[in-house]
There are 2 protein chains.
Amino acid sequence: MVTKQFKGSSLDEADLRRADSLAREIFSDVANKWALLIIEMLGERTLRFSELRDEVEGISHKMLTQNLRMLEHNGLVERTVYPTVPPRVEYTLTEPGRALRATVDAMCAWTHQYLGHIETARHRFDG
Amino acid sequence: MVTKQFKGSSLDEADLRRADSLAREIFSDVANKWALLIIEMLGERTLRFSELRDEVEGISHKMLTQNLRMLEHNGLVERTVYPTVPPRVEYTLTEPGRALRATVDAMCAWTHQYLGHIETARHRFDG
DNA sequence: CCGTATCCAAGCGGATACTG
DNA sequence: CAGTATCCGCTTGGATACGG
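What counts, and where the lines are drawn
Residues numbered from 1 in each chain as written. Chains lettered and ligands numbered in written order. Predicted model: local features only at pLDDT ≥ 70, side-chain atom pairs only at ≥ 80, totals over all residues. Heavy atoms only, no water. Contact = heavy atoms within 4.5 Å. Buried area = accessible area lost by both parts, 1.4 Å probe. Salt bridge = Lys/Arg side-chain N within 4 Å of Asp/Glu carboxyl O. Polar contact = N/O pair within 3.5 Å; in protein donor to acceptor, adjacent residues only side chain to side chain. Helix = DSSP H or I, 4+ residues; strand = E, 2+ residues; numbered from the N terminus. Nonpolar A, V, L, I, M, F, W, Y, C, P; charged D, E, K, R; others polar. Near = heavy atom within 4 Å. Pairing = 2+ DSSP bridges. Axes fitted to C-alpha atoms, helices over the stretch in contact; angles between N-to-C directions. Parallel < 35°, antiparallel > 145°, perpendicular 65-115°, else oblique.

*Asks:* When you look at the interface of chain A and chain B in this model, what are you seeing that I'm missing?
*Replies:* A common way to report how large an interface is uses the accessible area buried once the components associate. Each partner contributes residues to the interface: chain A has 52 residues there, and chain B has 53 residues. Taking both sides of the interface into account, the surface hidden between chain A and chain B amounts to around 5,000 Å²; carbon and sulfur atoms contribute 66%. Area buried by chain A at its contact with chain B is led by A:Phe27, A:Trp110 and A:Arg122, which between them contribute 15% of it. On inspection of chain A and its partner chain B, the count reaches 8 salt bridges. For B:Glu57, the salt bridge is made with A:Arg24, and the minimal N-O distance between the two is 3.8 Å. Applying the counting criterion to the chain A and chain B interface returns 16 residue pairs in polar contact (both at pLDDT 80 or more). The element contributing the most residues to the side of chain A that touches chain B is helix 2 (residues 13–30) of chain A, with 12 residues. Across the side of chain A that touches chain B, the residue classes break down as 26 nonpolar, 10 polar and 16 charged.

In structure tokens:
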């Protein structure tokens with residue numbers, strides 16, 4: 001997956017394989033429905049946990065925390081806790097997160113642009 | 001999900017909801033690891049079933065057929081069967097598929113660009 | 001070679017309850 | 001309000017076998 005991108009760089013074989021497996025790992029983390037929807041929502045503005053759960057419709061409490069931890073772990077979102085009572089926790093995109101968001105935007109745009117194509121393709125396929 | 005994109009169009013409420021749920025469905029289909037990796041590989045060139053299974057490393061026979069059917073169903077890949085013996089089946093991206101591929105490319109580029117950021121973010125998080 | 005079907009284990013993901 | 005933990009159904013996905 002990574003090979004062509006680093007072709008001609010000064011990395012040796014072992015480093016290439018390390019980078020490759022890391023890239024696969026990150027891609028697998030990020031290329032899933034919930035993660036991408038969360039990133040899309042956070043692109044608009046900073047959101048609290050409960051706001052996210054409302055905005056990303058259909059997501060469960062558990063999936064939301066799980067994906068937020070993962071995104072935080074990879075440094076795509078930043079988590080800030082306000083020590084009030086009741087607690088207030090806000091999530092916002094980091095710079096890498098915002099960069100990824102641009103590609104998610106493109107994917108959403110694609111979805112809407114080809115809605116018609118896809119619907120007719122489905123009918124053709126089913127018939 | 002769709003609302004903002006169609007704002008101001010002449011669609012009525014019911015159509016908006018239909019388009020919205022369709023968009024969600026498509027997004028869920030497409031926003032998964034295997035589908036995106038397959039599309040990425042097919043971007044390079046037309047590939048046979050067995051070639052795909054080799055190129056997309058780690059994918060099982062079952063997942064490959066399942067995702068290929070789904071992509072065909074949505075009109076993103078075209079399947080051509082050569083009635084030879086043994087059979088030869090080739091998969092190629094359609095125009096919508098190629099358009100999507102551009103965004104997948106962007107995601108891959110993002111992955112490699114931020115590899116370093118992410119690795120250090122992980123260490124910070126784990127420590 | 002390509003595709004479908006079946007079986008079965010593993011892990012996802014929802015519901016719920018409980019802590020700070 | 002936000003997060004963690006537990007339980008458990010059930011889907012996912014791998015292995016295998018067989019058909020075109």
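*Asks:* Is there a simple way to think about the protein's contact with DNA strand C in this case?
*Replies:* Lining the immediate environment of DNA strand C, one finds 15 residues, of which A:Ser60, A:Lys62, B:Ser50, B:Arg79 and B:Tyr91 sit closest. Restricting attention to atoms of DNA strand C within 4 Å of the protein, one finds that 62% of them are sugar or phosphate atoms. For DNA strand C, a base nitrogen lies 3.0 Å from a polar atom in the side chain of B:His61. Interatomic distance of 2.8 Å between a side-chain N/O atom of B:Arg79 and a phosphate oxygen of DNA strand C.

*Asks:* Got a minute to help me understand the sheet that holds strand 2 (residues 77–82) of chain B in this structure?
*Replies:* Paired through their backbone hydrogen bonds, the strands of a sheet run either parallel or antiparallel. All names here are of chain B. Reading across the sheet, the 3 strands line up as 1-3-2 and stay open at both edges, with antiparallel pairing between neighbours. Only two strands of the sheet have a single neighbouring strand rather than two, namely strand 1 (47–48) and strand 2. Looking at chain direction, strand 2 and strand 3 (residues 88–93) are connected through 6 bridges and run antiparallel. Opposite Val-81, over in strand 3, you have Val-89 as the bridge partner. Helix-sheet contacts for helix 3 (residues 33–44) involve strand 1, strand 2 and strand 3, and the interaxial angle to strand 3 is about 95°. Contacts between helix 5 (residues 61–73) and the sheet are confined to strand 2 and strand 3, with strand 2 contributing the most and set at about 110° to the helix.

*Asks:* Help me understand the packing of helix 3 (residues 33–44) of chain A against helix 2 (residues 13–30) of chain B in this model?
*Replies:* If you want to describe how two helices pack, look at the angle between their axes and the distance between the axes. For the pair helix 3 of chain A and helix 2 of chain B, interaxial distance at closest approach is 9 Å and the crossing angle is 125°. Judged by the angle between their axes, helix 3 of chain A and helix 2 of chain B are oblique. Residue-level inspection shows A:Lys33, A:Trp34, A:Leu36 and A:Leu37 of helix 3 of chain A in contact with helix 2 of chain B, the latter providing B:Arg24, B:Phe27 and B:Ser28.

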